[in-house]
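In case you want the letters, here they are:
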Amino acid sequence: MSRILTTLFCLAMLAIFAAGSVLVWVFYEFGRDLPDYRQLADYEPSVMSRVYAGDGRLIEEYAIEGRVFVPFSAIPKNLINAFLSAEDKTFYSHPGLDFFGIARAVLTNVEAQFSDRRMVGASTITQQVAKNFLLTNEYSFDRKVKEAILALRIEQAFDKDQILELYLNEIYFGFGSYGVSAAAVNYFNKSLDELSLSEVAFLAGLPKAPNNYHPIRRAKAARDRRDYVLSRMLDDGHVSSADVRAAKKETIVVRRRNDTEYVEGGEYFAEDVRRKLLEQYGSDTLYRGGLAVRTSLDPNLQGIADRVLRDGLIDYDKRHGWRGPITRIPVGTGWSDRLLGVQEPQVGQDNWKLAVVRRVADDAATIVFRNGETGTIPLSEVKWARPWKPDQKLGPVVKRVGQVLLEGDVIFAEAVEAEDTKESYPAGTYGLRQVPDIEGALVALDPHTGRVLAITGGFSYEVSEFNRATQAMRQPGSSFKPFVYLAALDNGYTPSTLVLDAPFVIDQGPGLPKWKPKNYSGRYYGESTLRTGIEKSQNLMTVRLAQAVGMEKVGSYARNFGLVEDLPTNLSAALGSQESTLINVTAAYAMLVNGGKKISPTLIDRVQDRNGKTIIRTDGRECALCGVQEFGGGGPPLLPDDREQLTDPASAYQIVSILQGAVERGTGRRVATVGKPLAGKTGTSNDSFDTWFLGFSPDLAVGVFVGFDEPRTLGSNETGSTVAAPVFRDFMAAALADEPSTPFRIPQGIVMVRVTPDTGLVAPPGSRRAILEAFKPGTAPTQRTAAVGAVSDSTGFSSPDQPSAGGLY
């Protein structure tokens, strides 16, 4: 017996030695090429970057993995307990491997081989961290061994809370959610501390297989999995039976984010911000770096901008006729299937529906939508749809619906609302709609800071991502003229200075044709004041004035105000023939109303990194008193004004006053209906290729551009006054509706004098036609002086035989 026991003991020791040797070999063989687990100490997960509006609402998120990192200390206890019960109940007691769990899984899987039961695993949370961070998802013996070795090493290097923090921020939950915080928002629109017990259990059950427990497509499986987690939490003593019963009765309801949390629209603005961030930081930081970007966007103004530009483009498009249906399908048997097969064009208009015309009468057409619903388009809703002809001309007047629509036409239709028309229509009445061929843009910015408050770069971002506010280079036409006049005012001229408004010819030199500009209206006012030149937008006065002032000086103003970097010295450039962008022209106008202070249009106020450190602040002014802990009374801290002064503030105000006259009496009269102090200028390039309106209130500068992407005429009677000005008017009417009627600020040194508009001279007492004119001290006119350009040999101008056609307005 003694020898037997000795033999058994030796065999046991040999077995232990052999097992130990195998274990040492396994650790050596599989552990020598493992990734360095210590890199987890410097873990910086891929975190989404978020772009916020000025009011804190979310505009856009950029991410490869939709993750919001949350520290362990901010994760609720019941959420931690749910994950422990679902994934690893002995997490806080095992060394990285759950040996009892492994044994139990082995026995269970052996039994599963002889039954229909599913195989089970025994990976701990630490093992899952090792796999997710340091290994691949390959299912093999080698990977499991490496995973186990790494788990043991990780447990030696990190405490349990750190491991759990890594796990809860890394795992994928479905719905594009990486990490538990993003999952709470995307599934339930809640922060972690707002989750109910039912929702906590649901989330804890997802990491095993998110797609298998989809709360909508696989609602029963999702509910069963949640109930399983709740039962495990009860068994582990984390919750009471009453709480579990109540939680199991709850329905799993997926909730979208509140509309108030998201900014509707602003796609062009967001894309410009994205480009700037990408250029400055690169794609890795933008999509993985967790930037928090606070922008200048005003969601209210952005919504107004989107609406008024869209309506303005549609109004113009309707004035120029119907270009035909989207397509045409046979209306015989199977027409509904053919309608479903039509690819619906992108229009960005949720209220427009695709329909087919089924019957046509003289006074109405019957249409059918894809869902089988029917509607009626009356004659009054197609009267606008005269046939389109080249150069934006129109065909015959529409007297019957059949002139516009035929059976089988596939069209867009929109329900007609009672407030949209003077007609009294029954339910089921629709209007014919057409995607505009014309495009445009609108920019609104703060003239004192340059902060861009709204950008709309086209009819629809879905139709075209090209931003016509910031990317399109177009001729500003007469909207450039105020800067010619500003150069004159800074060089001794006054608003009452007379300039000859009469036809002339300029000899451009040997081998070059003679230039014969003309006024758009064809009218000439003779000797007229500078004010008249702007208010009536007279081309010939502007050219004479530019010649007298010097194109080199005009070019310096164009450069300093950010319009054109290198303005040619030919006089046609004084009429806005050189291209610029809408945002730059709008900023230039903003510098007029702010007193001639230099600003740059900016979209980003501040950028913070993933740790909350500010890495960009657009307003670089120092504020020594802004960081005080307690308010000591008195007014707010005064910030230094370090803006460069580009022009005499008095000259800037004189231009503002003249542009206010253009709204009250000149080419911008359509804008005056807003009923608030406004100033602005139309702009139309040769042959009406580009139409503009630039203007401002005392605290808001706005620019509007409308034109075709491939430049061509908008029509013989279309100008900045008819196309762009109504968009500006509607924007200002809505934007300033609740704002007080603030007058333009008059700088020190300006003297307001009553003058006669025609002569610019001081008005006699009792004159009913007198206007208030702004003069610098000592410059008010007392007698009539010679007009600029009145002597032909002093200007180089001569009278033509006949004025030429064309010109700018």
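An account of the accompanying structure is given in this report. (Residues numbered from 1 in each chain as written. Predicted model: local features only at pLDDT ≥ 70, side-chain atom pairs only at ≥ 80, totals over all residues. Heavy atoms only, no water.)

Relative to the helices and strands, V229 is located in helix 9 (residues 219–235). With relative accessibility at 0%, the residue V229 sits in the buried group. Between the C-alpha atom of V229 and that of S85, which follows or precedes it by 144 residues, the distance is 6.8 Å. For V229, the residues in contact, after removing those within four places along its chain, are A82, A86, A201, A204 and G205. (Helix = DSSP H or I, 4+ residues; strand = E, 2+ residues; numbered from the N terminus. Buried < 20%, exposed > 50% of the residue type's maximum accessible area, 1.4 Å probe, protein only. Contact = heavy atoms within 4.5 Å.)

Axis separation between helix 8 (residues 197–205) and helix 9 bottoms out at 8 Å; the angle between their running directions is 105°. As summarised for this structure, helix 8 and helix 9 are arranged roughly perpendicular, according to the angle between their axes. Judged by residue contacts, L197, S198, A201, F202, A204 and G205 of helix 8 engage A222, R225, R226, V229, L230 and M233 from helix 9. In the contact of helix 8 with helix 9, the residues fall into 8 nonpolar, 2 polar and 2 charged. (Axes fitted to C-alpha atoms, helices over the stretch in contact; angles between N-to-C directions. Parallel < 35°, antiparallel > 145°, perpendicular 65-115°, else oblique. Nonpolar A, V, L, I, M, F, W, Y, C, P; charged D, E, K, R; others polar.)

Another point: the nonpolar core. Core analysis: the largest hydrophobic core is formed by 85 residues, its most contacted members being I455, F561, L592 and F696. Per element, the largest residue contribution to this core is 10 residues, and it comes from helix 18 (residues 582–593). Excluding anything up to four places from it in sequence, L592 contacts F483, L486, F561, A652, I655, V656, L659 and F696. Counting residues in hydrophobic clusters, the runner-up holds 49 residues, among them Y43, A82, I154 and V244. (Core = buried A, V, L, I, M, F, W, Y, C linked by side-chain atoms within 4.5 Å.)

Glancing now at the sheet that holds strand 2 (residues 58–62). On the basis of which strands lie adjacent, the open sheet formed by 5 strands has the order 2-1-5-18-19 and mixed pairing. Among the strands making up the open sheet, the edge pair consists of strand 2 and strand 19 (614–617). Neighbour to neighbour, the strand axes of the sheet diverge by 15° on average, direction disregarded. Seen against the sheet, helix 11 (residues 267–288) touches strand 1 (49–52), strand 2, strand 5 (292–295), strand 18 (604–608) and strand 19 and runs at an angle of roughly 35° to strand 2. (Pairing = 2+ DSSP bridges.)

We now examine the environment of A679. Mapped onto the elements of the fold, A679 is located in strand 20 (residues 679–684). A679 sits 21 residues away from I658 along the chain, and the two C-alpha atoms are 8.0 Å apart. Residues contacting A679, with those up to four places away along its chain left out, are V656, L659, Q660, V663, L694, G695, F696 and F744.

Time to look at a negative patch on the surface. A cluster of like negative charges, contributed by E60, E264, E267, D350 and E462, occupies part of the molecular surface. Here E60 lies in strand 2. E60 sits in the partly exposed class, given a relative accessible area of 33%. (Patch = residues over 30% accessible without salt bridge, like charges linked within 9 Å, V, L, I, M, F, W, Y side chains within 5 Å. Areas by Shrake-Rupley, 256 points an atom, 1.4 Å probe, with all protein chains shown as cover. Salt bridge = Lys/Arg side-chain N within 4 Å of Asp/Glu carboxyl O. Lys, Arg positive; Asp, Glu negative; His and termini not counted. Charge placed at Lys NZ, Arg CZ, Asp CG, Glu CD.)

In this section: the pairing of strand 21 (residues 690–697). Where burial is concerned, most of strand 21 is hidden: 8 out of the 8 residues are buried. Burial along strand 21 is two-sided: the residues D690, W692, L694 and F696 and T691, F693, G695 and S697 are all buried. Across 6 bridges, strand 20 lies against strand 21 in antiparallel orientation. Paired with A679 across the two strands is F696, which belongs to strand 21. Counting the residues in the hairpin turn of strand 20 and strand 21 gives 5 residues, including D687, whose phi is positive at 60°. Counting the residues between successive antiparallel strands, the hairpin from strand 21 to strand 22 (residues 700–707) contains 2 residues.

Spatially, 15-14-22-21-20 is the arrangement adopted by the 5 strands of the open sheet, whose pairing is antiparallel. The two strands at the open ends of the sheet, each matched to only one other strand, are strand 15 (452–456) and strand 20. Here the average twist between neighbouring strands, direction ignored, is 10°. Across 7 bridges, strand 14 (residues 439–445) lies against strand 22 in antiparallel orientation. Of the residues in strand 22, the one forming a bridge with E439 is G707.

Together, M1, I4, L5, L8, L11 and L14 make up a nonpolar patch on the protein surface, roughly 660 Å² of accessible area in all. In this structure, I4 sits in helix 1 (residues 2–31).

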